[in-house]
Amino acid sequence: MYPDARLKTECDPVELPLDDATRAIARDLLDTMDSFPGCVGIAAPQIGALVRIVAIDVSGHKKAVSDHGRRVLVNPVIVSRGAERVKMREGCLSIPDFTGNVTRAESIVVEAVGLDGAPQRLECDAYEARVVLHELDHLDGLLFLDRVQHARDVFPRKRYQ
Ligand SMILES: [Zn+2]
């Protein structure tokens, strides 16, 4: 939870091949995501692991266009991005009291290693691109509040229960 210092820390790359400790972190990420209905993404530092792993799942989300389903991305890297011109409301499990309007790229291509150890390349647009970018920011110690440009773009929210 914000303001825990681990949320402001740049995370270390995961050494390959994946070991049991890394797989355990990935499972914990998925379990944590599952325990918050409506949660579409989570990053390792949010559960206290300072390594470059995120989980995403925009399956069935009404704003999703591209939808790669439930994915664990290890050592994810954005290899291309579209124009930064879509502003949308974001929330974060680690910042339960606020949401904010953030401008992000309308599309991205992300490369990562999957839980099976195989390389993966995802072309994401719209909502899924935003989720990936939000989660990758966590790996660099950035929160959505760091991306908000005006105080009027921050809003109080009802806490996750
Ligand atoms: Zn977040």
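Here, the structure is the one placed above.
Residues numbered from 1 in each chain as written. Predicted model: local features only at pLDDT ≥ 70, side-chain atom pairs only at ≥ 80, totals over all residues.

### Brief notes about the pairing of strand 7 (residues 119-125)
Relative to strand 7, strand 6 (residues 107-113) runs antiparallel, the two being bridged by 7 bridges. Paired with S107 across the bridge in strand 7 is D125. (Pairing = 2+ DSSP bridges. Helix = DSSP H or I, 4+ residues; strand = E, 2+ residues; numbered from the N terminus.)

### Description of the sheet that holds strand 1 (residues 41-43)
Spatial strand order, 1-2-3-6-7: 5 strands in an open sheet with antiparallel pairing. Edge positions in the sheet fall to strand 1 and strand 7, since each has one partner strand and no second. Adjacent strand axes in the sheet meet at a mean angle of 40°, parallel and antiparallel pairs treated alike. In terms of strand pairing, strand 1 meets strand 2 (residues 53-56) through 3 bridges, oriented antiparallel. Within the sheet, the bridge partner assigned to I42 lies in strand 2 and is A55. Across the sheet, helix 1 (residues 20-34) lies against strand 1, strand 2 and strand 3 (71-81), angled at about 35° from strand 2, the strand it touches most. Docked against the sheet, helix 2 (residues 126-139) engages strand 1, strand 2, strand 3, strand 6 and strand 7, running at close to 15° with respect to strand 1. (Axes fitted to C-alpha atoms, helices over the stretch in contact; angles between N-to-C directions. Contact = placed C-beta atoms within 7 Å.)

### Details of helix 1
For helix 1, which comprises 15 residues, the first-to-last C-alpha distance of 21 Å matches the rise-based estimate of 21 Å (1.5 Å per residue) to within 8%. Each element contacted by the buried residues of helix 1 is listed here: strand 1, strand 2 and strand 3. (Expected span 1.5 Å × (residues − 1).)

### Overview of the sheet that holds strand 8 (residues 154-156)
A sheet is described by the order of its strands in space; here 3 strands give the open sequence 4-5-8, paired in antiparallel fashion. Each end of this open sheet is capped by a strand with a single partner; those strands are strand 4 (84-90) and strand 8. Sheet twist, expressed as the mean angle between neighbouring strand axes with direction ignored, is 25°. Here 6 bridges tie strand 4 to strand 5 (residues 98-105), and the two strands are oriented antiparallel to one another. In the sheet register, M88 faces strand 5, and the bridge partner there is V102. Docked against the sheet, helix 2 engages strand 4 and strand 5, running at close to 110° with respect to strand 5.

Taken by themselves, the reported measurements are silent on function.
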